[in-house]
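# Summary of the model geometry
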Amino acid sequence: QVQLAESGGGLVQAGGSLRLSCAASGTIFSIKSMGWYRQAPGKQRELVAAITSGGSTNYVGSVKDRFTISRDNAKNTVYLQMNSLKPEDTAVYYCNVVLASSYGSVSYNNWGQGTQVTVSS
């Protein structure tokens, strides 16, 4: 079983920056990818950014050129640097990891507790 500890959310003015962190611990054989999702009130959860074990990244269009995802494989930690924040970035941000077991199965449903990001105009 894996535990995900998120940190870094908060309240910031539009144009400001925040950095989210998510550290994975517990029974981990291999992490295939790590990512950040967000869910705003009344909206579905959406993928914000993801990064594979090899360093390939993927971003939702609305955050490209503003957000940067990175990971420290040695620490099983993923980061999300968020710059030029906008009020529409306000949401609860969730960390997600995709795990591979020693016998080849893949587990997708591994989530952090969520961290609130609020951007004021």
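To start, this report covers the structure provided alongside it. (Residues numbered from 1 in each chain as written. Predicted model: local features only at pLDDT ≥ 70, side-chain atom pairs only at ≥ 80, totals over all residues. Heavy atoms only, no water.)

Attention now goes to the overall build of the protein chain. A tally of helices and strands in the protein chain yields zero helices and 11 strands. Secondary structure of the protein chain in N-to-C order comes out as β-β-β-β-β-β-β-β-β-β-β. Computed over the C-alpha atoms, the radius of gyration of the protein chain is 14 Å, within 12% of the 14 Å expected from 2.2 N^0.38 for a compact globule of 121 residues. Along the longest, intermediate and shortest principal axes, the C-alpha atoms of the protein chain span 50 × 25 × 20 Å. (Helix = DSSP H or I, 4+ residues; strand = E, 2+ residues; numbered from the N terminus. Rg over C-alpha atoms; globule rule 2.2 N^0.38 Å.)

We now examine the sheet that holds strand β8 (residues 77-82). If you trace the four strands from one edge of the open sheet to the other, you get β1-β3-β8-β7, paired in antiparallel fashion. The open sheet terminates on both sides in strands that have one partner only, identified here as β1 (2-7) and β7 (67-72). With strand direction ignored, the average angle separating the axes of adjacent strands in the sheet is 15°. (Pairing = 2+ DSSP bridges. Axes fitted to C-alpha atoms, helices over the stretch in contact; angles between N-to-C directions.)

On to the nonpolar core. Counting 29 residues, the largest nonpolar core has W36, L80, M82 and Y93 as its most contacted members. Per-element tally for this core: the top contributor is strand β9 (residues 91-100), with five residues. (Core = buried A, V, L, I, M, F, W, Y, C linked by side-chain atoms within 4.5 Å. Buried < 20%, exposed > 50% of the residue type's maximum accessible area, 1.4 Å probe, protein only.)

With that settled, consider the state of the cysteines. For the structure on display, the rule yields one disulfide. Residue pairing for C22: its cysteine sulfur links by disulfide to C95, the two sulfurs lying 2.1 Å apart. The sign of the S-S torsion, about -80°, decides the handedness of the disulfide formed by C22 and C95: left-handed. One end of the pair, C22, is in strand β3 (residues 18-26); the other, C95, is in strand β9, with 73 residues separating them in the sequence. (Disulfide = S-S within 2.5 Å.)

With respect to the helices, strands and loops of the structure, S33 is situated in strand β4 (residues 30-39). Through-space distance from the C-alpha of S33 to that of Q81 is 17 Å; in sequence the pair is 48 residues apart. Not counting the four nearest positions on each side in its chain, S33 is found in contact with I51, T52, R71, N96, V97 and V98. (Contact = heavy atoms within 4.5 Å.)

What follows is about the packing of aromatic side chains. This model, assessed by the stated rule, comprises one aromatic pair. On the numbers, 4.9 Å between centres and 70° between planes, the contact of Y37 with W111 is edge-to-face. Highlighted residues: Y37 in strand β4 and W111 in the loop between β10 (106-107) and β11 (115-120), separated in sequence by 74 residues. The lysine or arginine in question, R45, covers the ring of Y94, its NZ or CZ lying 3.8 Å from the ring centre. (Phe/Tyr/Trp six-rings, centres within 6.5 Å; stacked < 30°, edge-to-face > 60°. Lys NZ or Arg CZ within 6 Å of the ring centre and 35° of its normal.)

A few words on unusual backbone geometry. A positive phi angle, close to 50°, is found at N76, a residue other than glycine. Examined against the element boundaries, N76 turns out to sit in the loop between β7 and β8. You will see that S84, though not glycine, has its phi angle at about 50°, which is positive. Mapped onto the elements of the fold, S84 is located in the loop between β8 and β9. With relative accessibility at 40%, the residue S84 sits in the partly exposed group.

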